[in-house]
Amino acid sequence: MDIKQLKFLVALDETRHFGQAAARCHVTQPTLSMRLRNLEEELGLELVQRGQRFEGFTEAGQRVLGWARSLLAAEDGLYAEAAACRGQLVGTLRVGVVPLGGFDPMRLVSRFASAHPELRFRLFALSSEQILERLGRNQLDLGISYLERLDRSQFASLELADTRMGLLHDRRHFSFASPSLSWEAVAGLPLGLLSSGMHFRQSIDHALRSRGLTPQPRLESDAVHQLLLAASAGLCCAVMPLDSGLDGFSEHLQLTPIEDAHTLAPLGLIRHHGTPGSALAEACFVEAERLLSELRTAG
């Protein structure tokens, strides 16, 4: 077994196509297929379901994929650690971000990119639970997520923001005389909400239920972009974080504050305590602390 076989396996998972996976790995399709069959023979397992085309992974293949990703992440971490020992920061910083939060992750990414121009970045939109799981498996370096029920023995955190909520609406379809809205007023509107299970949605549900309100959302989606499109079309209004910049999606969109509306827990930057630690994650923590200090001073 060698590291290239694991890269081929992960590329196949990400592209779901033998030809595209081979092109991504700069090999021919027969070479990729042969190397994957060699891996299966060495492990004594069928990993890939094959037909006329790629049909998915077997249950064993899914389990091996998890280990492959961990080993590839460890390889990246080793090179990053070696570079850090030479006084350099290189490699790819993998960051999991909850779909809706009151802190723009680009503030941190831009700051870090400016300080370390050799770095590359991969951002993943995930739920809070997925972020913690992937941090624990070394599939992420950092998470920007809510700090509710965070196990401090396993994770270090830096509080970023207390996320407040507002109602995103298109002025061509909805107008409000008041500079802020009550939850009672919001509940009577056609709402577009993030799918159940996400922390931001749970905070909305809690605020409504605690007031005896049970609205029926007109639209639910796990994609923020779809909610923005629906609001712009006048199909619904969407509960979104204030100061998120989402009202800049269209000249007609406006975010009106909702009274006493905030998430159940603050948003934070999270990294795993595991050993070995990520040099990239540790450096980003330092950069984030500087950024937050500057923002507090300016505020």
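Residues numbered from 1 in each chain as written. Predicted model: local features only at pLDDT ≥ 70, side-chain atom pairs only at ≥ 80, totals over all residues. Heavy atoms only, no water.

Within an unreviewed UniProt entry, the label attached to the protein reads LysR family transcriptional regulator, and the organism entered is Aquipseudomonas alcaligenes.

**Q** Please provide a residue-by-residue account of the nonpolar core, values included.
**A** Nonpolar side chains tend to gather and get buried jointly when the protein is soluble and globular. Of all hydrophobic cores here, the largest spans 68 residues; its most connected members are Leu167, Trp183, Val239, Met240 and Leu269. Top element by residues in this core is helix 10 (residues 279–298). It accounts for 8 residues. Excluding residues within four positions of it along the chain, Leu269 makes contact with Leu108, Leu142, Gly143, Ile144, Ala156, Ser157, Leu158, Leu160, Cys284, Phe285 and Ala288. If you look at the next biggest cluster of nonpolar residues, it comprises 21 residues, including Leu6, Phe8, Leu12 and Val64. (Core = buried A, V, L, I, M, F, W, Y, C linked by side-chain atoms within 4.5 Å. Buried < 20%, exposed > 50% of the residue type's maximum accessible area, 1.4 Å probe, protein only. Helix = DSSP H or I, 4+ residues; strand = E, 2+ residues; numbered from the N terminus. Contact = heavy atoms within 4.5 Å.)

**Q** An account of helix 6 (residues 128–136) is needed here, citing residue identities and associated values.
**A** Those residues of helix 6 lying buried are Ser128, Ile131 and Leu135. With its buried residues spanning 60° around the axis, helix 6 presents them on a single face. Taken together, the buried residues of helix 6 touch strand 3 (91–97), strand 5 (142–146), strand 6 (155–161), helix 8 (199–209) and strand 12 (267–272). Remark: Asn138 follows helix 6 within two positions and exhibits a positive phi of approximately 65°. (Arc of directions from axis to C-beta.)

**Q** Give a description of the environment of Glu289 that names residues and reports values.
**A** On the secondary structure map, Glu289 appears in helix 10. Of the residues examined, Glu289 reaches a relative accessible area of 43% and is grouped as partly exposed. In the structure, Glu289 is positioned 131 residues away from Leu158 in sequence and 7.8 Å away in space, judged by C-alpha atoms.

**Q** Tell me what's going on with unusual backbone geometry, and back it up with residues and numbers.
**A** Of note, the phi angle at His26 is positive, near 60°, even though the residue is not glycine. Residue His26 is classed as exposed on the basis of its relative accessible area, which comes to 75%. A positive phi is found at Asp260, a non-glycine position, where the angle reads about 50°. Positionally, Asp260 belongs in strand 11 (residues 253–262). On the basis of relative accessibility, which here comes to 56%, the residue Asp260 falls in the exposed class.

**Q** Help me get a handle on the UniProt feature "domain: HTH lysR-type" (unreviewed entry) in the protein, residues and values and all.
**A** Following the UniProt record, the feature "domain: HTH lysR-type" (unreviewed entry) maps to residues 1–58 here. Measuring from the first to the last C-alpha atom of residues 1–58 gives 19 Å, for a span that is 60% helix and 12% strand. (UniProt positions renumbered as here; feature names shortened; annotations may be inferred.)

**Q** Any details on the packing of helix 5 (residues 105–115) against helix 10? Residues and values, ideally.
**A** One can describe the packing of helix 5 onto helix 10 by two numbers: an axis separation of 10 Å at closest approach and a directional angle of 115°. With respect to their mutual orientation, helix 5 and helix 10 come out roughly perpendicular. For the crossing formed where helix 5 meets helix 10, the hand is right-handed. Packed against helix 5, whose contacting residues are Arg107, Leu108, Arg111, Phe112 and Ala115, the element helix 10 presents Leu280, Ala283, Cys284, Glu287, Ala288, Arg290, Leu291, Glu294 and Leu295 at the interface. For the contact of helix 5 with helix 10, a count of residues per class yields 9 nonpolar, no polar and 5 charged. (Axes fitted to C-alpha atoms, helices over the stretch in contact; angles between N-to-C directions. Parallel < 35°, antiparallel > 145°, perpendicular 65-115°, else oblique. Left-handed = near helix turned anticlockwise from the far one by under 90°. Nonpolar A, V, L, I, M, F, W, Y, C, P; charged D, E, K, R; others polar.)

**Q** Please give an account of the sheet that holds strand 6 that cites residues and values.
**A** With mixed pairing, 5 strands are arranged side by side in an open sheet as 4-3-5-12-6. Sheet topology places strand 4 (119–125) and strand 6 at the edges, where each strand pairs with a single neighbour. Adjacent strand axes in the sheet meet at a mean angle of 25°, parallel and antiparallel pairs treated alike. As paired elements, strand 3 and strand 5 share 3 bridges and run parallel to each other. What sits directly across from Val95, in strand 5, is Leu142. On the sheet, helix 6 packs against strand 3, strand 4, strand 5, strand 6 and strand 12 and is oriented at approximately 150° with respect to strand 5. (Pairing = 2+ DSSP bridges.)

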